[in-house]
Amino acid sequence: MAGPAELLVVDNDFGGDPDGLVALAHILLRCSPDVTVMVTTSPLDPGLAEVAGADPLTTASQGAELAGQLLELMGIKDVRVIVGAEAPGTGGNQVSAAARAIVEMSGRFERTTILCGGPLTNVAAALRLDPALTEKAALVWVGGTLADAERGEYNSDTDAASAAEVAASGMPLVRVPYEEYTQMTVAVDAVKNELAAASRVGSWLAERLLDVPPFVQLGSTLTLGDNVLVPFGPGPGPTGIAAEWGTVIHRQVDSAGLWRDLIRHLVGVR
């Protein structure tokens, strides 16, 4: 009997903004059982890590630890978490375990989709190892801005060299820019009253979202930007987005619908 035909790679800087963990939980809850999932972790900007009080040399490892905690809480044992590069732009012979795993695993499947909510460090490194990855995998990336925007954007600016490298590689790409993913907002009261009450997993996610550093003032809403990746994962439901490869998604994400879908899937989970 043939194994799963599709590989889904969820790559994110889980050691930073906890919206990546919310997106990972949502993707896993919706994912079709015939899809193999692998989680890889990317680094934080060293300056941001220091401001947040984190070790800038181990943010990918810290992200892997958090992702592992989430998987354990969800009772998921068949998803691997692979540590990625600990510094943006790592190249040459310093290729991470995540990059090697992406290359090695993609060769086993008919189709590979990479959902990336952080810098493209691991994807660029994987392409250096195997340029033919452009023919084996397709990428959905939360990053950059609209063409006419002058402002910067964290995921692209953290590792601009890798972003440019991936864009020039020819890998099929759908991009969700700053102007779109920042529309994915939720009321803090909803996090406290709906997410925290949904299940043990929801409570754990709510704690991560509400545990802000002392220098951050919690407002009335939170941005869950990485959750815009959810419609691109294989799974049922009305949240899908019809997108051609090579496009930029704008004004298509249903923020309220995604939140309702997350809560619905979380209710009763452990």
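Quick notes on the rules
Residues numbered from 1 in each chain as written. Predicted model: local features only at pLDDT ≥ 70, side-chain atom pairs only at ≥ 80, totals over all residues. Heavy atoms only, no water. Pairing = 2+ DSSP bridges. Helix = DSSP H or I, 4+ residues; strand = E, 2+ residues; numbered from the N terminus. Axes fitted to C-alpha atoms, helices over the stretch in contact; angles between N-to-C directions. Parallel < 35°, antiparallel > 145°, perpendicular 65-115°, else oblique. Left-handed = near helix turned anticlockwise from the far one by under 90°. Contact = heavy atoms within 4.5 Å. Nonpolar A, V, L, I, M, F, W, Y, C, P; charged D, E, K, R; others polar. Core = buried A, V, L, I, M, F, W, Y, C linked by side-chain atoms within 4.5 Å. Buried < 20%, exposed > 50% of the residue type's maximum accessible area, 1.4 Å probe, protein only. Phe/Tyr/Trp six-rings, centres within 6.5 Å; stacked < 30°, edge-to-face > 60°. Lys NZ or Arg CZ within 6 Å of the ring centre and 35° of its normal.

### Examining the sheet that holds strand E3 (residues 80–83)
- On the basis of which strands lie adjacent, the open sheet formed by six strands has the order E3-E2-E1-E4-E5-E6 and parallel pairing. Two strands in the sheet have a free side with no partner beyond their single neighbour: E3 and strand E6 (173–176). Each neighbouring strand pair of the sheet contributes to a mean axis angle of 20 degrees, computed without reference to strand direction.
- Bridging between strand E4 (residues 111–116) and strand E5 (residues 137–142) involves five bridges; their strand directions are parallel. Across the sheet, residue threonine 112 finds its bridge partner in E5, namely alanine 137.

### A word on the packing of helix H5 (residues 121–129) against helix H7 (residues 160–169)
- It is at 8 Å that the axes of H5 and H7 come closest, and there the two elements cross at 50 degrees. Judged by the angle between their axes, H5 and H7 are oblique. Pair H5 / H7 crosses with left-handed handedness. Note on element contacts: H7 touches H5 through Ser162, Glu165, Val166 and Ser169, opposite Thr121, Val123, Ala124, Leu127 and Arg128.
- Residues that form the contact of H5 with H7 fall into these classes: four nonpolar, three polar and two charged.

### Considering the nonpolar core
- Leu195, Leu205 and Trp259 are the most contacted members of the largest nonpolar core, which has 49 residues in total.
- When residues of this core are assigned to their parent elements, the largest contribution, six residues, is made by helix H1 (residues 19–30).
- Look past the residues within four positions of leucine 205 in its chain and what remains in contact with it is Leu21, Val22, Ala25, Leu70, Leu195 and Leu266.
- Within the second largest apolar cluster, 27 residues are counted, among which are Ala101, Met105, Ala126 and Leu139.

### Here's the deal with the packing of aromatic side chains
- Scanning the entire structure with this criterion turns up one aromatic pair.
- Ring plane angle 80 degrees and centroid distance 5.8 Å describe the contact between tyrosine 178 and tyrosine 181, whose orientation is recorded as edge-to-face. Of this pair, tyrosine 178 and tyrosine 181 are both found in helix H8 (residues 178–181), three residues apart, which corresponds to roughly one turn of the helix.
- Residue placement shows arginine 208 over the ring face of tryptophan 204; its charged tip is 4.7 Å from the ring centre.

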